[in-house]
Amino acid sequence: MNNVVYIRYELLRALRNRRFFFFSLGFPLLFYFAIASPNRHVTNFDRSGISLPLYYMVGLTSFGTMVAMISTGTRIAAERQVGWTRQLRITPLTTRAYFRAKVLTAYMMSGLTIVLLALAGTSLGVRLPAGHWIAMVALILIALLPFAALGIMLGHLINVDSIGPFTGGGASLLAFLGGAWFPLGHHGFLHDLAQLLPSYWLVQAAHTGLTGHGWPARGWIVIAVWATVLTAGALWAFRRDTKRV
Amino acid sequence: MIAREAVSWLRTAASSGYAGPVASEELSASAGIRLEGLSKSFRSPEGAVLAVRDIDVSIERGETVALLGPNGAGKSTTIDMLLGLLPPDSGGVSLFGRSPRQAVDAGLIGAMLQTGALIQYLSVRELLTMMAAIYPAPLGVDEVLERTGLGAIAARRTQKLSGGETQRVRFALAIVSDPDLLVLDEPTVAMDVESRHEFWNSMRAFAARGKTVVFATHYLEEADQNADRVVLMAHGRIVADGPPTEIKARVGSRTIRATLPEADLGELAGLEGVASADRHGEGVLLVCSDSDQAIRALLERFPTARDIEIAGAGLEDAFLALTADPDADAPDAALAP
């Protein structure tokens, strides 16, 4: 058994899907230039003390990586549709190996999103200390764990016809509530609610690039709880998914 | 190592919900395929539908067995239970002395399910390489390409294949693990005549290596030409089980209808070329193994026969004739306490 070969072809498959590439990677990039390019000289965006190109670089990095993770679900739903998930059931591929391949593919897509947006930000004059870059990327990768599980879970629960709007709408809402589009303020109901969402801490992880400060304990707890709950949900959804679609 | 096996066994037993003692008894009992007392019902708006009703099938190593029946006979449900994709309501499955999950994990099973396309963005060769990597002792990818006649299109992307080519790749995926048991659920559905012919040649060549093959079909000819044994299913039950010639004689036939009020059914059934006879009012229905012989014999013996119709009995009709017992749609007696 050679899981490395299996994973290699899973990655290759994802890289060759051009439509997916455009939507998953091209969209945040296009968005970024559309918003930040005309406003590249705004140095104090919405009185946050942060330049607009920087604010939207981290905001769209959060959104783009989140979409990249959840879009695992779109790929799984398509595989389910053609009966591939059932075909895999009658192979010795373990649940662990299956999840590993899906999660790694999602992380590869997220990694590309991060690199592209960092380059785009740099081209618009964003400069950060190396330590901030490293802390930011590390925290983002951790904050994406719940979304990796969410993607797999949705893929095994929702059919291919409805998963597009579901993941697109869901990601946009989570990004909005997480403060990826504009600052949510520092108090009020929305702010309190947002702090319970993994997307909030994903955006905060991206903001590490601005401050160099990591999460408070609360952030680690929220991410850990969501990662655990959604992984359990993904396992449950995968195991029950043996029927003909 | 032992602990890990024990854990994996427990997990299998717990998740399947029916393994347990059956599996361990079977280990010593035999090495073939055993379906014992297998039943499955589905909920539908009209109430519970009994898809498979208490069937027993025993298949020895090296046999090629056709599951023959019309749509809705319970073939696919039986195959899903055999492969462990569907837990039975009652009864058990043992594959070479193991539970379906254990047999699958050991790489002993290759299957082509009824519905299924291929994942995209890989060439035929890449897809086979990817899947071969999952198994403990796969065949070489080149060997599989050659055996399935896919060499010429090995570099083609899966989304560019025709329906027949897709089926051949799915067959290649089913044998790439060099399985002991090959399960094919209506494998020739999307194929033209020539592809079918080539497909069955590949299948027979694979079976000839001492492999066990179970395939489902609703074509009598496929069952007749490619199986050592035919298990005939209708309404979730096994209605006949034997060599193809025997099954063919019972169902593959034409039927003769005639108005013949005075004839004795036993005598009609004894006519040359007649497999069975049935009476409907003044009419009789003869299921024939050879309708040419039968019509000559009928007219010679009963010259008064009139309103004669000879029809090629579709399998559906033949099955109806075979299973036309009055309680066919009533809950199965064996399921009731």
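Residues numbered from 1 in each chain as written. Chains lettered and ligands numbered in written order. Predicted model: local features only at pLDDT ≥ 70, side-chain atom pairs only at ≥ 80, totals over all residues. Heavy atoms only, no water.

**Observations regarding the overall build of chain B**
Item 1. When helices and strands are counted, chain B shows 13 helices and 13 strands.
Item 2. A burial count over chain B gives 52% of its 337 residues as buried.
Item 3. The long-range fraction of contacts in chain B, counting pairs at least 24 apart against all pairs at least 6 apart in sequence, stands at 67%.
Item 4. In the form shown here, chain B has an accessible surface area of approximately 15,000 Å², with 52% of it arising from carbon and sulfur atoms. (Helix = DSSP H or I, 4+ residues; strand = E, 2+ residues; numbered from the N terminus. Buried < 20%, exposed > 50% of the residue type's maximum accessible area, 1.4 Å probe, protein only. Contact = heavy atoms within 4.5 Å. Areas by Shrake-Rupley, 256 points an atom, 1.4 Å probe, with all protein chains shown as cover.)

**Notes on the layout of surface pockets**
Residues and elements named next belong to chain A.
Item 1. Taken as a whole, the second largest pocket spans an internal volume of roughly 900 Å³.
Item 2. Lining the second largest pocket we find 33 residues, and of these Asn17, Phe20, Ser71, Thr74 and Arg75 sit closest to its centre.
Item 3. Taken together, the elements giving at least two residues each to the lining of the second largest pocket come down to helix H1 (3–16), helix H2 (18–36), helix H3 (52–70), helix H4 (72–81), helix H6 (95–123) and helix H9 (160–178).
Item 4. Within the lining of the second largest pocket, the residues separate by chemical class into 17 nonpolar, 10 polar and 6 charged. (1 Å grid on protein atoms, 1.4 Å probe; cavity = no way out; pocket = protein on both sides within 12 Å on 5 of 7 lines; lining within 4 Å. Points joined across faces, edges and corners; volume = space filled by probe spheres on them. Nonpolar A, V, L, I, M, F, W, Y, C, P; charged D, E, K, R; others polar.)

**What about the interface of chain B and chain A?**
Item 1. Contacts between chain B and chain A engage 34 residues on the former and 24 residues on the latter.
Item 2. Together chain B and chain A conceal approximately 2,800 Å² of surface at their shared face, both sides included; 60% is due to carbon and sulfur atoms.
Item 3. For the pair chain B and chain A, the number of links is 2 salt bridges.
Item 4. A salt bridge links A:Arg16 to B:Glu126; its shortest N-O distance comes to 2.7 Å.
Item 5. Linking chain B with chain A are 9 residue pairs in polar contact (both at pLDDT 80 or more), by the criterion used here.
Item 6. At the level of elements, helix H3 (75–82), helix H4 (100–105), strand E5 (109–112), helix H5 (124–132) and helix H7 (163–175) of chain B are the ones that each hand at least two residues to the side of chain B that touches chain A.
Item 7. Ranked by residues supplied to the side of chain B that touches chain A, first place goes to H5(B) with 5 residues.
Item 8. The class makeup of the residues in the side of chain B that touches chain A is 19 nonpolar, 9 polar and 6 charged. (Buried area = accessible area lost by both parts, 1.4 Å probe. Salt bridge = Lys/Arg side-chain N within 4 Å of Asp/Glu carboxyl O. Polar contact = N/O pair within 3.5 Å; in protein donor to acceptor, adjacent residues only side chain to side chain.)

**Points about the sheet that holds strand E4 (residues 90–95) of chain B**
Residue and element names in this part refer to chain B.
Item 1. Read across the sheet, 3 strands follow the order E2-E1-E4 without closing on themselves; strand pairing throughout is antiparallel. Each edge of the sheet is formed by a strand with only one pairing partner; in this case those strands are strand E2 (47–59) and E4. In this sheet, neighbouring strand axes are inclined to one another by 25° on average, regardless of whether the strands run parallel or antiparallel.
Item 2. Contacts from H3 reach strand E1 (33–44), E2 and E4, with the element oriented near 120° to E1. (Pairing = 2+ DSSP bridges. Axes fitted to C-alpha atoms, helices over the stretch in contact; angles between N-to-C directions.)

**Here's the deal with the pairing of strand E9 (residues 237–242) of chain B**
Item 1. As defined by bridge partners, strand E8 (residues 229–234) of chain B adjoins E9(B) across 5 bridges and the pair is classed as antiparallel. Bridged to B:Ala234 within E9(B) is B:Arg237.

**Details of the side chain of B:Glu186**
All names here are of chain B.
Item 1. Structurally, Glu186 can be placed in the loop between strand E6 (181–185) and helix H8 (193–207).
Item 2. There is a polar contact of 3.3 Å between the side chain of Glu186 and the side chain of Lys75.
Item 3. The contacts of Glu186, once residues within four sequence positions are left out, are Asn71, Lys75, Gln114, Gln167, Ala216, Thr217 and His218.

**Considerations on the packing of aromatic side chains**
Item 1. Under the counting rule described, the total for this entry stands at 12 aromatic pairs over all chains.
Item 2. Relative to B:Trp200, the ring of B:Phe199 lies with its centre 5.2 Å away and its plane at 80°, an arrangement referred to as edge-to-face.
Item 3. Here the aromatic residues B:Phe171, B:Phe199, B:Trp200 and B:Phe215 are joined through ring pairs into a cluster of three or more.
Item 4. Against the face of A:Tyr9 rests A:Arg8, its NZ or CZ located 5.3 Å from the ring centre.
Item 5. Above the ring of B:Phe302, the side-chain terminus of B:Arg301 is found at 4.8 Å from the ring centroid. (Phe/Tyr/Trp six-rings, centres within 6.5 Å; stacked < 30°, edge-to-face > 60°. Lys NZ or Arg CZ within 6 Å of the ring centre and 35° of its normal.)

**A short note on the sheet that holds E8(B)**
All names here are of chain B.
Item 1. Across the sheet, which stays open at both edges, the 6 strands sit in the order E5-E6-E7-E3-E8-E9 with mixed pairing between neighbours. If you trace the sheet from one side to the other, it starts and ends with E5 and E9, each paired once. For this sheet, the mean angle separating the axes of adjacent strands, direction not counted, is 15°.
Item 2. Sheet strands touched by H7: E5 and E6. Its angle to E5, the strand with the most contacts, is close to 170°.

**Brief notes about the confidence of the model for chain B**
Residues and elements named next belong to chain B.
Item 1. Across chain B, the average pLDDT comes to 83, with 82% of residues at 70 or higher.
Item 2. Within chain B, no element has a lower average pLDDT than helix H1 (residues 2–16), which sits at 43, and none a higher one than H5, at 97.
Item 3. Under a pLDDT of 50 for its full length, residues 1–29 has, in the predicted model, 21 contacts with residues more than four places off or in other chains.
Item 4. Overall, residues 325–337 carries pLDDT values under 50, and its contacts beyond four positions in sequence, including any with other chains, amount to 15 contacts.
Item 5. Of the two predicted TM-score estimates for the complex, the pTM is 0.80 and the ipTM is 0.88. (pLDDT = per-residue confidence, 0-100.)

**Some details on the nonpolar core**
Item 1. One finds A:Tyr6, A:Tyr32 and B:Leu127 to be the most contacted residues of the largest nonpolar core, which totals 122 residues.
Item 2. Top contributing element to this core by residue count: H3(A), with 11 residues.
Item 3. Setting aside chain neighbours within four positions, we find A:Tyr6 in contact with A:Leu88, A:Leu93, A:Tyr98, A:Ala101, B:Met130, B:Met131, B:Ala133 and B:Ile134.
Item 4. One finds B:Ala73, B:Leu85, B:Leu113 and B:Val231 within the second-largest nonpolar core, a separate group that totals 32 residues. (Core = buried A, V, L, I, M, F, W, Y, C linked by side-chain atoms within 4.5 Å.)

**Regarding H7(B)**
Item 1. With 13 residues, H7(B) should cover 18 Å at 1.5 Å per step; its first-to-last C-alpha distance of 19 Å lies within 8% of that length.
Item 2. With respect to burial, H7(B) is a largely interior element, 12 of its 13 residues being buried.
Item 3. All of the buried residues along H7(B) are B:Gly164, B:Glu165, B:Thr166, B:Gln167, B:Arg168, B:Val169, B:Arg170, B:Phe171, B:Ala172, B:Leu173, B:Ala174 and B:Ile175.
Item 4. Where the residues of H7(B) are buried, they touch helix H5 (84–89) of chain A together with E5, H5, helix H6 (141–147), E6 and H8 of chain B. (Expected span 1.5 Å × (residues − 1).)

**Here we look at unusual backbone geometry**
Comment: phi is negative for the bulk of residues other than glycine, and the bulk of peptide bonds are trans.
Residue and element names in this part refer to chain B.
Item 1. In this model, Phe96 sits at a positive phi of 50°, which is unusual for a non-glycine residue.
Item 2. Tracing the sequence through the fold places Phe96 in the loop between E4 and H4.
Item 3. The buried category is assigned to Phe96, whose relative accessible area is 8%.
Item 4. Residues other than glycine seldom take positive phi values, yet Glu186 does so here, at roughly 50°.
Item 5. For Glu186, a relative accessible area of 6% translates into the label buried.

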